[in-house]
Amino acid sequence: MHNSNNSPARRVTILGAGAWGTAVAIALAARHEVLLWARNPAMAEATAAARENTEYLPGFPLPEGMQVSADLDAAIAHVSGPGAGDAPLLIAACPVAGLRPLLQQLKGRAIPNVVWLCKGFEGGTGLLPHEVKREVLGDAVAGAALSGPSFAQEVARGLPCALTVASESAELRERVVSVVHGGNIRVYSCDDMVGVEVGGAVKNVLAIATGVADGLGLGLNARAALITRGLAEITRLGVALGASAATFMGLTGMGDLILTCTGDLSRNRRVGLGLAQGKPLETIVSELGHVAEGVPCARAVRELAGKLGVDMPITNAVAGVLFDGDTPLQTLAALLARDPRGEYC
């Protein structure tokens, strides 16, 4: 098996059989030896038998040869045991809330590296994924964030997609590019982990805001204003945390923000649409059937911005609607009533 870049097939284990983990597994299985690990044994067995993840990504058959298992030992051995070959890759495809428990299961095991796909801040601690990884696994295991504008259904369908890998390890960045880049997936790399992770996290909050605006029928002018001013908020927070402002002009900043705020496949945008219709948050989340990371992220970002003294009025407005009982129309009026200011202040 060879990929489209004429580099050899590699072994890849993806821990997490949700929609995004399954989509990445499907995309990479065309070129590599992929094992998809599901936490639930019954789900793993059903997915392997049907050759389709009917629960989280129905309608997309699994490629021939792609393994599905609930055996964590086997999943890790696939990329670290005898015969793992050159440049194996271990990918964590769980929500942010599940990252620490998953990494704790990996602690003390011989793993080649860990790459995470989740976007957000950890609830309670307010930590970014790379900070969670450092707390659990230390610096001995190299880690990377793989992020960017990407809907699971489109990646599984084989449509073009561009992602960014961020890591302090140049070797791991090169490894991720060598494995993931190819076919219809382009992968760029950078060392600004804070910028990549902040962009991927906060854009979900802004997508909720855009969904609310669209649901209220505020028009395309309002949508453009929200996206643009939302990018300013993301950049302010990222720079305060030590990120480079330039990172937010790239795929994991502007790119991911535009996609999530405007795409009909965006779960977070759908949360905003539901709020505009007056639906209770619990009902909206239940109807989604998937995690909408922008909901817990809004609370974490509001708290973090408050501690850092970073002005994030749109994020605060979203958190007010989600958690404080504010109505979308009240929130809109408050945003429009804010004093004028210089655009780049």
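Named according to an unreviewed UniProt entry, the protein is Glycerol-3-phosphate dehydrogenase [NAD(P)+] originating from Massilia cavernae. UniProt, in its Subcellular location (unreviewed entry) section for the protein, records the words "Cytoplasm".

Trainee: What exactly am I supposed to notice about unusual backbone geometry here?
Mentor: Glycine aside, a negative phi is what most residues show, and trans is what most peptide bonds show. Of note in this structure, Arg51 is not a glycine but carries a positive phi near 55°. Within the secondary structure, Arg51 is located in the loop between α2 (41–50) and β3 (52–53). Of note, Ala87 is a non-glycine position whose phi angle comes to about 55°, a positive value.

Trainee: I tried to follow the pattern of salt bridges on my own but got confused; where do I start?
Mentor: Side chains carrying opposite charge are able to pair once their charged atoms draw close together. If you walk through the whole model with that rule in mind, you get 17 salt bridges. Through salt bridges with shared partners, a single ionic network connects Asp214, Arg223, Asp264 and Arg269.

Trainee: What is the right way to look at a nonpolar patch on the surface in this model?
Mentor: A surface patch of nonpolar side chains, about 260 Å² in accessible area, is lined by Met249, Met254 and Ile258. Among the structural elements, Ile258 can be located in helix α10 (residues 251–262).

Trainee: What am I meant to see in the UniProt feature "active site" (unreviewed entry) in the protein here?
Mentor: Taken from the UniProt record, the annotation "active site" (unreviewed entry) applies to Lys203. Structurally, Lys203 can be placed in helix α8 (residues 193–215). Note on Lys203: relative accessible area 6%, which makes it buried. Apart from the residues lying within four places of it in its own chain, the contact partners of Lys203 are Lys119, Ile234, Asp256, Leu257 and Thr260. At 2.8 Å, the side chain of Lys203 forms a polar contact with the side chain of Asn204.

Trainee: Is there a simple way to explain helix α4 (residues 96–106) in this structure?
Mentor: Three- or four-residue spacings in an α-helix give side chains the same orientation, since the helix completes a turn every 3.6 residues. Of all the positions in α4, only Val96, Leu99, Arg100, Leu102, Leu103 and Leu106 are classed as buried. Against the buried residues of α4 lie β1 (11–15), β2 (33–37), α3 (72–80), β6 (89–92), β7 (114–116) and α5 (129–137). Just beyond α4, the residue with positive phi is Gly108, at close to 85°.

Trainee: Teacher, can you tell me more about the pairing of strand β4 (residues 57–61) here?
Mentor: Two faces make up the sheet, and in a regular strand the side chains alternate between them. The pairing of β3 with β4 spans two bridges and is antiparallel. Its bridge partner being in β4, Asn53 is matched across the sheet by Leu57. Counting the residues that bridge the hairpin from β3 to β4 gives three residues.

Trainee: Just checking my understanding: could you explain the pairing of β1 for this structure?
Mentor: Counting buried residues in β1 gives four out of five residues, a clear majority hidden from the surface. Alignment of β1 against β2, held across five bridges, turns out to be parallel. Residue pairing across strands places Arg11 opposite Glu33, the latter belonging to β2. As a crossover connection, the stretch from β1 through helix α1 (residues 19–29) into β2 is right-handed. Pairing geometry for β1 and β6, over four bridges, is parallel. Bridge pairing links Ile14 to Ile91 in β6.

Trainee: Would you mind going over the nonpolar core with me for this structure?
Mentor: Soluble globular proteins: nonpolar side chains tend toward being buried together. By size, the foremost hydrophobic cluster in this structure holds 42 residues, and its most contacted members are Phe121, Val198, Val202, Leu237 and Val271. Of all the secondary structure elements, the ones that give two or more residues to this core are α8, α9 (220–240), α10, α11 (267–276), α12 (281–288), α13 (294–308) and α14 (313–323). The element best represented in this core is α8, accounting for eleven residues. Here Val271 is in contact with Ile208, Leu281, Ile284, Leu288, Ala292, Val295 and Leu322, once residues within four sequence places are set aside. In this structure, Val12, Ala25, Leu62 and Val155 belong to the second largest nonpolar core, which totals 41 residues.

Trainee: Whenever I open this one, the packing of aromatic side chains confuses me. Can you help?
Mentor: Each aromatic ring pair is summarised here by two numbers: the centre-to-centre distance and the angle between the ring planes. Enumeration over the complete set of coordinates arrives at zero aromatic pairs. When the ring centre of Phe323 is taken as reference, the NZ or CZ atom of Arg299 above it lies at 3.9 Å.

Trainee: Any chance you could explain the domain arrangement of the protein here in plain terms?
Mentor: One widely used convention gives an interface's size as the accessible area the parts lose upon coming together. According to the domain assignment, the protein consists of domain 1 (10–191) and domain 2 (201–337). Each of domain 1 and domain 2 was reduced to a C-alpha centroid, and the two centroids are 26 Å apart. Facing the 18 residues of domain 1 at the interface are 22 residues of domain 2. Summing both sides of the interface, domain 1 and domain 2 together bury roughly 1600 Å²; the carbon and sulfur share of this comes to 75%. The largest share of the area that domain 1 buries against domain 2 comes from Lys119, Phe121 and Phe151, three residues that together contribute 42% of it. Here domain 1 and domain 2 share one salt bridge between them. As a salt-bridge pair, Asp256 and Lys119 come within 2.8 Å of each other at their nearest N and O atoms. For the pair domain 1 and domain 2, the interface holds two residue pairs in polar contact (both at pLDDT 80 or more). Listing elements by their share of the side of domain 1 that touches domain 2, those giving two or more residues are α6 (152–157) and β9 (161–166). Take the side of domain 1 that touches domain 2: its biggest share by element is three residues, from β9. Partitioned by chemical class, the residues of the side of domain 1 that touches domain 2 number ten nonpolar, six polar and two charged.

What counts, and where the lines are drawn
Residues numbered from 1 in each chain as written. Predicted model: local features only at pLDDT ≥ 70, side-chain atom pairs only at ≥ 80, totals over all residues. Heavy atoms only, no water. UniProt positions renumbered as here; feature names shortened; annotations may be inferred. Helix = DSSP H or I, 4+ residues; strand = E, 2+ residues; numbered from the N terminus. Salt bridge = Lys/Arg side-chain N within 4 Å of Asp/Glu carboxyl O. Patch = residues over 30% accessible without salt bridge, like charges linked within 9 Å, V, L, I, M, F, W, Y side chains within 5 Å. Areas by Shrake-Rupley, 256 points an atom, 1.4 Å probe, with all protein chains shown as cover. Buried < 20%, exposed > 50% of the residue type's maximum accessible area, 1.4 Å probe, protein only. Contact = heavy atoms within 4.5 Å. Polar contact = N/O pair within 3.5 Å; in protein donor to acceptor, adjacent residues only side chain to side chain. Pairing = 2+ DSSP bridges. Right-handed = clockwise from strand over helix to strand, strands pointing away. Core = buried A, V, L, I, M, F, W, Y, C linked by side-chain atoms within 4.5 Å. Phe/Tyr/Trp six-rings, centres within 6.5 Å; stacked < 30°, edge-to-face > 60°. Lys NZ or Arg CZ within 6 Å of the ring centre and 35° of its normal. Domains from an automatic or database assignment. Buried area = accessible area lost by both parts, 1.4 Å probe. Nonpolar A, V, L, I, M, F, W, Y, C, P; charged D, E, K, R; others polar.

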